[in-house]
Amino acid sequence: MSLLHWAVLSPFLLAILIPVLYKYLRQIHTGWFVLILPVLLFSYFSRFISLTKQGETLTERASWIPSLGIHIDFYVDGLGLLFALLITGIGSLVILYSIFYLSKEKEKLNQFYVFLLLFMGAMLGVVLSDNLIVLYSFWEFTSLSSFLLIGYWNERERSRYGAQKSLLITVFGGLSMLGGIVLLSIMGNTFSIRELIAQSGELLHHPLFTPALLLILLGAFTKSAQFPFHIWLPDAMEAPTPVSAYLHSATMVKAGIYLVARLSPVFAESGTWFWLVSMAGLITLFWGSFSAVKQTDLKGVLAFSTISQLGLIMSLLGLGAAALHYDTLGDNIYLAATVAAVFHLINHATFKGSLFMVAGIIDHETGTRDIRKLGGLMQLMPITFTVAVIGAFSMAGLPPFNGFLSKEMFLAAMVNVLELDVFNMETWGVLFPVVAWVASVFTFIYSMIVVLKPFTGKLQHLDKKPHEAPIGMLISPMILASLVLVFGIFPNLLSSTIIQPAVASIQPSLVDSAFHVHIGFWHGFTPELWMTIGIIVIGIILYKTLSKWSKVYHWVPERFSLNALYDHGLKSMERSASSIMKFLMTGSIRNYLLSIFLFFILSLGFSLYWKDAFRFETGNFAPFGIYEVVLAAIIVIGSIAILFAKSRLTSIIILGAVGYTISLFFVLLRAPDLALTQLVIETISVALFLLCFYHLPLLASRKEERIAFRLNNALISIGVGVIVTLIALSAHSNKLFDSISSYYLDNAYKEAGGKNVVNVILVDFRGLDTMFEISVLSIAALGIFAMIKLRLTGRKDKS
């Protein structure tokens, strides 16, 4: 494997060592050991900036399942590098923050940092994988590790609820995405993203294109909390603040954004993609910003603000797809939407990360996040207040912060959409700038709530006396706030180094050497400038009169909300599952077998009938003689005789006779090893049966019960036998491939040096299968031995 592979896998490797470090170096905060890795990884990935700036990429392969075309291919281009830098850079600051936020005496730091490292490694795998199956594997690992992080305080009911909610919704989307990946592989005969992009023109007209598009977007929307799947993110705020700052500002929720950006070259020419991505983003933007205003928990406000900002980025990626429908780059104004999406993605990570850390500081130093109980903290926490002002004003889109620039670019893209003459935008396009402007007004309001409610006004009486946070807890948010200012005043520091290569990865067919990203503050009195002025004016008015119009949030009862629908659906499924369990799980093995066999008969029988799958041909049957007929007759007669035996001893003897007769079949078919094995097993089985049944009551004592169940047993047994026979005959009559037996016969001695083909198959050709079978038997034997020892120990204790 290459150094790039080790870089991605290094968080998993360090996670293995964390419990050891935590156990033997308890006097040192475990975070100091963990911090070293993301800093090194950030430095390592920074080396690729000059590479991607020149339009070059790096690809490294490690073979995994070559027969299925699945390789661990890691691919560094502009988009992958951007996310890798965010994951490791923000990760470093979050870990530094967590060292001072989480007490080594009170918290289970070994678990926390193991979960965090697993998540970091999974995110790196997602954004750097070229193979879609590998990407999906890491994708689901992000869901699992985030579930563990959100439920870190598992003694709290709300933490467990939030963790379960996020897992159910994101895994549902992940399974849908897997379906889309399978369809893409069928369409393009590859799992490679780069190869699929190269075939994008052909894939567009494939009948599976739209189903694949819908399934992929379902995975992206659930992960990035797009409406109506956004409901998991606010409940995920039950996680420790470092988790919120990491997962919900720069990493997990951005995974869906990454997926849409990465697969835009494959799907973006479709009008379905344009409408779904842009409209889902706009609806999410509006609903998230509108809902954020009514929250009373500071982290709750930030959670819904994250939803709205994710919707903003998603809508820009959707609008950027319009650039593919114009011939010349010089006349194209829609590629700017993709530039704005990339720029705002960076900006959001900086100002939202700092704001989450501010919320954590307030909670840590005051003991509450309820903005109704907070006020006047500006005098006691001036540094925290300064960081909050920078982050909140950037989120509101005010100059000279970086959020102002990307918000202006967003509004410009919404205005430019009115000039589109594709996708019926000449009629519906007017909704885009209107919804964007209204949502931006609410964005301004909740940004003011974040900074003004806790820090201005009268100092409230709190159970814990507030004071400024220790310097260690302030370093990370101060660095992020500084980046907000630097990227706002000098935006072109990122233009050619980070933004342009990322845009080139999203729109490779449009970006060439003549394309250059340049971001400036002043573009004259443009429509987007007047929209910004209107946002500020109306936003201030609405903020001042919030108490007068906030009653609109009570118009719709809570029982009609999406959260209530989710809870009701979950409880309904639990009740249904409980009813089914009570009906099926009666404690009777006979009933369990009845249900299993009945389902077996109905499902397979219906499939054979519906698909007209039964075939019966005798042309490929091997010849058989009188010996086989006699032995088969003995087996059939013996099997039927067991049903009518009056004693268990008779039943066991007849059953043993059937087994010994089968061993004679192996002798006739020249398989002495199998015959010997069958004889040994049959002898042991008969002996064990005799030992067991010796201690059971006589059959006569249960005579009535046997008669009552005989008819059901007969019908089920006949049904299973008929279905299995039909399937066996049909399978034998439908030879889709040549038998592999000739391969074993030709290669047993040549490849494995053995003349006994059966032994060679078991030991060499199917060696792993045999090894695992032996492992299962060994585990079962150890379990039996342990139970026997425990029983003997219990008897000794009693005596």
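This structure is a prediction, so every number in the text was calculated from the model and none was measured. (Residues numbered from 1 in each chain as written. Predicted model: local features only at pLDDT ≥ 70, side-chain atom pairs only at ≥ 80, totals over all residues. Heavy atoms only, no water.)

> When you look at the overall build of the protein chain in this model, what are you seeing that I'm missing?
A count of helical and extended segments in the protein chain gives 33 helices and 2 strands. Across the 799 residues that make up the protein chain, the buried fraction comes to 49%. Here the contacts in the protein chain between residues at least 6 apart in sequence split such that 79% fall between residues at least 24 apart. When the accessible surface of the protein chain is totalled, it reaches about 39,300 Å², and 68% of it is carbon and sulfur. Within the protein chain, the 46 negative side-chain charges are centred at a point lying 14 Å from the centre of the 53 positive side-chain charges. (Helix = DSSP H or I, 4+ residues; strand = E, 2+ residues; numbered from the N terminus. Buried < 20%, exposed > 50% of the residue type's maximum accessible area, 1.4 Å probe, protein only. Contact = heavy atoms within 4.5 Å. Areas by Shrake-Rupley, 256 points an atom, 1.4 Å probe, with all protein chains shown as cover. Lys, Arg positive; Asp, Glu negative; His and termini not counted. Charge placed at Lys NZ, Arg CZ, Asp CG, Glu CD.)

> When you look at the packing of aromatic side chains in this model, what are you seeing that I'm missing?
Aromatic rings considered in pairs are described by the distance between their centres and by the relative angle of their planes. Under the counting rule described, the total for this entry stands at 35 aromatic pairs. When the centroid spacing of 5.2 Å and the interplanar angle of 90 degrees are considered together, the rings of Tyr44 and Phe48 count as edge-to-face. Assessed through its relative accessible area of 11%, Tyr44 is described here as buried. A relative accessible area of 8% means that Phe48 is categorised as buried. An angle of 40 degrees between the planes, with centres 6.2 Å apart, marks the rings of Trp549 and Tyr553 as tilted. The two residues Trp549 and Tyr553 agree in class, both being buried. In textbook terms, an aromatic cluster arises when at least three aromatic residues are bridged by ring pairs, as seen for Phe227, Phe286, Trp287, Phe290, Phe442, Trp549 and Tyr553. Here the basic side chain of Arg47 rests over the ring of Phe48, its NZ or CZ set 5.9 Å away from the ring centre. The positively charged end of Arg156 is found above the aromatic ring belonging to Trp153, 4.1 Å away from the centroid. (Phe/Tyr/Trp six-rings, centres within 6.5 Å; stacked < 30°, edge-to-face > 60°. Lys NZ or Arg CZ within 6 Å of the ring centre and 35° of its normal.)

> Teacher, can you tell me more about the pattern of salt bridges here?
Think of it this way: side chains of opposite charge can pair up when their charged atoms draw near. Applying the stated rule across the entire model yields 10 salt bridges. A salt bridge links Arg369 to Asp297; the shortest N-O distance between them is 3.1 Å. Placement of the pair is Arg369 in the loop between α16 (335-366) and α17 (382-396) and Asp297 in the loop between α14 (271-292) and α15 (298-320), with a sequence separation of 72 residues. Judged by its relative accessible area of 18%, Arg369 falls in the buried class. Asp297 gets classed as partly exposed once you look at its relative accessible area, which sits at 27%. The shortest N-O distance in the salt bridge between Arg372 and Asp370 comes to 2.9 Å. Each of the salt bridges in this network shares a partner with another, and the network as a whole consists of Arg158, Lys165 and Asp235. (Salt bridge = Lys/Arg side-chain N within 4 Å of Asp/Glu carboxyl O.)

> Looking at this structure, how should I read the nonpolar core?
The biggest cluster of nonpolar side chains holds 215 residues, and the ones touching the most others in it are Phe45, Phe267 and Ile499. Sorting elements by how many residues they give to this core places α16 first, with 18 residues. Aside from chain neighbours lying at most four places away, what touches Phe267 is Leu184, Phe209, Ala212, Leu213, Ile216 and Trp273. (Core = buried A, V, L, I, M, F, W, Y, C linked by side-chain atoms within 4.5 Å.)

> I keep staring at the pairing of strand β2 (residues 70-76) and nothing clicks. Help me out?
Within β2, 6 of the 7 residues are buried, which leaves the element mostly enclosed by the surrounding structure. Two strands pair when backbone bridges link them, and strand β1 (residues 58-65) and β2 are joined in this way by 7 bridges, in the antiparallel orientation. Counterpart to Ile65 in the pairing with β2 is Ile70. Hairpin geometry of β1 and β2 is characterised by an intervening segment of 4 residues between the two adjacent antiparallel strands and by a positive phi of about 70 degrees at Gly69. (Pairing = 2+ DSSP bridges.)

> I keep staring at unusual backbone geometry and nothing clicks. Help me out?
Trans is the prevailing form of peptide bonds, just as negative phi is the prevailing case for residues other than glycine. Residue Pro228 is reached from Phe227 by a cis peptide bond, and omega for that bond is 5 degrees. Inspection of the secondary structure puts Pro228 in the loop between α10 (209-223) and α11 (232-235). Phi at Ala225 takes a positive value of approximately 55 degrees, unusual for a residue other than glycine. Its location among the elements puts Ala225 in the loop between α10 and α11. Ala225 sits in the buried class, given a relative accessible area of 0%.

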